[in-house]
Amino acid sequence: MTGGKPVVLCFSGLDPSGGAGLQADIETLHSLGCHCAPVATTLTVQDTANASRAAPVAAELMLEQARAVLADLRVRCFKLGLIGAAGAARAIGGLLREHREIPVVLDPVSAAGGGYAFSGAEALAALRESVLPLVTVATPNTEEAMQLAPGADSADAAAAELARAGCGHVLLTGGHEDGAEVVNRWHRGGVAPVAFRWPRLERAYHGSGCTLAAAIAGNLALGRDVEDALRQAQQFTWHALSRGWRAGAGQYLPDRSGPAAAAAGPGAGS
């Protein structure tokens, strides 16, 4: 196993519209020069507007897929998206503990953009207990951060709590907030958060969070440190969204194709 592309093993849901989940992972990682090894966690019924049904893959089958990949390929990073079920979260946590040398990026998907809830209280509790302490970078939006740290009185306090609980880095995304800019805040234990600012785009996008987390995972797999991976991934994602297109009647889809999506962007840390 020499040369070739860095491999990212992605645990994500299957979105038949192709906007989010595994296809978002595959497209993003391909554009970054990585290879996606996709493991389906959940089969969903959804379109570009919302989801209506989700069927978790049996944890045993999911692990069998992942172990086959890990026995054959040199995995440089794990990317976790929609997990959905408590049993799946516990199974993935056990697998991650066996491979602590591999960085982990978590997009803690709990609901579709249209509001359909993928994860109930039991699944979120299992995610907090079994997975979060093993995560290198988590990318919750404000609602997801509050769900993962239910005792916190603000999204920033929730992100800080997640960092203290063992998640090394938390990029709290601001796409659900108001304002002319999207402000993403990077939390680390004991360090003041760093803000990344991006001009807010006019549209709503299906798969933006998946794109961001996959881009972070790809950049880590390429050997970049966390700070550089966060900057490069946000830049890639902003450009993919800025070139988004409307495939159906719902949200726009990011254009994750080609190196142009990773061109220099306007974001800055402060």
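Each remark here, short or long, concerns the structure printed above.
This one's a predicted model, so the numbers in the text were calculated from it and none came from an experiment. Residue indices follow the written sequence of each chain, beginning from 1 at its first position. In view of the model being predicted, local features appear only for residues whose pLDDT reaches at least 70, and side-chain atom pairs are presented and counted only at 80 or more, with totals across whole chains, interfaces and linings using the full set of residues. By convention in this description, side-chain values take in all heavy atoms of the structure and omit both hydrogens and water.

Q: Mind laying out the layout of surface pockets, listing which residues take part and the relevant values?
A: Of the volumes computed, that of the largest pocket is approximately 1,100 Å³. Taken together, 48 residues make up the lining of the largest pocket; nearest its centre are Asn-141, His-176, Tyr-205, Ser-208 and Gly-209. Every element with two or more residues in the lining of the largest pocket is listed here: strand S1 (7-14), strand S2 (35-46), helix H5 (142-148), strand S8 (181-188), strand S9 (191-199), helix H7 (208-221) and helix H8 (226-242). In the lining of the largest pocket, the residues fall into 18 nonpolar, 23 polar and seven charged. Buriedness of a pocket was judged along seven lines, with at least five required to meet protein on both sides within 12 Å; pockets are open sets of points on a 1 Å grid over the protein atoms alone, cavities are sets where a 1.4 Å probe fits but cannot get out, and lining residues have an atom within 4 Å of a point. Grid points are joined across faces, edges and corners, and a volume is the space filled by probe spheres set on the points. Strands here mean DSSP runs of E at least two residues long; helices mean DSSP runs of H or I at least four residues long; both are numbered from the N terminus. Three classes are used, and their members are as follows: Ala, Val, Leu, Ile, Met, Phe, Trp, Tyr, Cys and Pro are nonpolar, Asp, Glu, Lys and Arg are charged, and the others, Gly among them, are polar.

Q: Can you tell me about empty space enclosed by the protein, naming the residues and giving the values?
A: It is a probe the size of a water molecule, rolled over the atoms, that shows where empty space is left. Under the defined criterion, the tally for this structure stands at one cavity of 30 Å³ or more. The computed volume of the largest cavity comes to approximately 80 Å³. Lining the largest cavity we find Gly-81, Ile-83, Gly-84, Ala-85, Ala-89, Pro-108, Val-109, Ser-110, Ser-119, Ala-123, Leu-124 and Leu-127. In terms of residue class, the lining of the largest cavity is made up of eight nonpolar, four polar and no charged.

Q: Pulling in residues and values, what's your account of the pairing of S9?
A: Two strands are counted as paired when DSSP detects at least two bridges linking them. Pairing between S8 and S9: seven bridges, direction antiparallel. Considered in S9, the bridge of Val-182 is made with Trp-198. The antiparallel hairpin formed by S8 and S9 contains two residues in its connecting segment, where Gly-190 sits at a positive phi of about 75 degrees.

Q: Summarise the pattern of salt bridges; cite the residues concerned and give the values.
A: Salt bridges are defined by distance alone: a side-chain nitrogen of Lys or Arg within 4 Å of a carboxyl oxygen of Asp or Glu. Taken as a whole, this structure holds eight salt bridges when the rule is applied. The shortest N-O distance in the salt bridge between Arg-67 and Glu-98 comes to 2.8 Å. With Arg-67 in helix H2 (residues 59-72) and Glu-98 in helix H3 (residues 86-98), this residue pair connects regions lying 31 residues apart in the sequence. Between Arg-224 and Asp-228 there is a salt bridge, with its nearest N and O atoms 3.5 Å apart. Think of it in three bands: residues with accessible area under 20% of the maximum for their type are buried, residues over 50% are exposed, and the middle band is partly exposed, with areas taken using a 1.4 Å probe on protein chains only. Of the residues examined, Arg-224 reaches a relative accessible area of 33% and is grouped as partly exposed. Overall, Asp-228 belongs to the partly exposed group, its relative accessible area being 30%.

Q: Run through the packing of H2 against H3, naming residues and quoting values.
A: Viewed as axis vectors pointing N to C, H2 and H3 meet at an angle of 25 degrees, and their least axial separation amounts to 9 Å. With respect to each other, H2 and H3 are oriented roughly parallel. For the crossing formed where H2 meets H3, the hand is right-handed. Every residue of H3 that contacts H2 at Ala-59, Met-62, Leu-63, Ala-66, Arg-67 and Leu-70 is listed here: Gly-87, Ala-88, Ala-91, Ile-92, Leu-95 and Glu-98. Partitioning the contact of H2 with H3 into residue classes produces nine nonpolar, one polar and two charged. Every angle, taken between N-to-C directions, lies between 0 and 180 degrees, and every axis is a line fitted to C-alpha atoms, over only the stretch in contact when it is a helix. Angle categories are assigned with fixed cut-offs, so that under 35 degrees is roughly parallel, over 145 is roughly antiparallel, 65 to 115 is roughly perpendicular, and the rest are oblique. For any pair of crossing helices, the crossing counts as left-handed if the nearer helix is rotated counterclockwise from the farther one by less than a right angle, and right-handed if it is rotated clockwise. Two residues form a contact once any of their heavy atoms are found within 4.5 Å.

Q: Describe the packing of helix H1 (residues 21-31) against H7, naming the residues involved and giving the relevant values.
A: Following both chains from N to C, one finds H1 and H7 inclined at 45 degrees, their axes separated by 9 Å at the closest point. The angle between the axes of H1 and H7 places the two elements in the oblique class. Of the two elements, H1 crosses H7, and the hand of that crossing is right-handed. Where H1 approaches H7, its residues Gly-21, Ala-24, Asp-25, Thr-28 and Leu-29 are matched on the opposing element by Cys-210, Thr-211, Ala-214, Ala-215 and Gly-218. Looking at side-chain class alone, the contact of H1 with H7 contains five nonpolar, four polar and one charged residues.

Q: Please set out the packing of aromatic side chains residue by residue, giving values where relevant.
A: Note on aromatic pairs: the rings of Phe, Tyr and Trp (six-membered ring only in Trp) are paired at centre separations within 6.5 Å, and the planes decide the class, stacked below 30 degrees, edge-to-face beyond 60, tilted for the rest. Per the counting criterion, the structure on display carries three aromatic pairs. With a centroid separation of 5.4 Å and an interplanar angle of 70 degrees, the aromatic rings of Tyr-116 and Phe-118 are classed as edge-to-face. Residue classification places Tyr-116 among the partly exposed positions, given a relative accessible area of 25%. Phe-118 gets classed as buried once you look at its relative accessible area, which sits at 13%. An angle of 70 degrees between the planes, with centres 6.4 Å apart, marks the rings of Tyr-205 and Tyr-252 as edge-to-face. Note that Tyr-205 is positioned in the loop between S9 and H7 and Tyr-252 in the loop between H8 and strand S10 (268-269), a separation of 47 residues in sequence. Both residues of the pair, Tyr-205 and Tyr-252, belong to the buried class.

Q: With reference to specific residues and values, describe the nonpolar core.
A: Of all hydrophobic cores here, the largest spans 74 residues; its most connected members are Leu-9, Phe-11, Leu-80 and Ile-216. In terms of nonpolar packing, the next biggest core, distinct from the first, is built from five residues, Ala-51, Leu-82, Val-109 and Phe-118 among them. Only buried Ala, Val, Leu, Ile, Met, Phe, Trp, Tyr and Cys residues count toward a nonpolar core, and they belong to the same one when joined by side-chain atoms within 4.5 Å.

Q: Can you lay out the environment of Arg-224 for me, pointing to particular residues and giving the numbers?
A: With respect to the helices and strands, Arg-224 occurs in the loop between H7 and H8. Beyond its immediate stretch of four places on either side in the chain, Arg-224 contacts Asn-219, Ala-229 and Gln-232. N or O atoms closer than or at 3.5 Å make up a polar contact, with two conditions inside protein: a donor-capable atom paired with an acceptor-capable one, and, for residues adjacent in sequence, both atoms drawn from side chains. At 2.6 Å, the side chain of Arg-224 forms a polar contact with the side chain of Asn-219.

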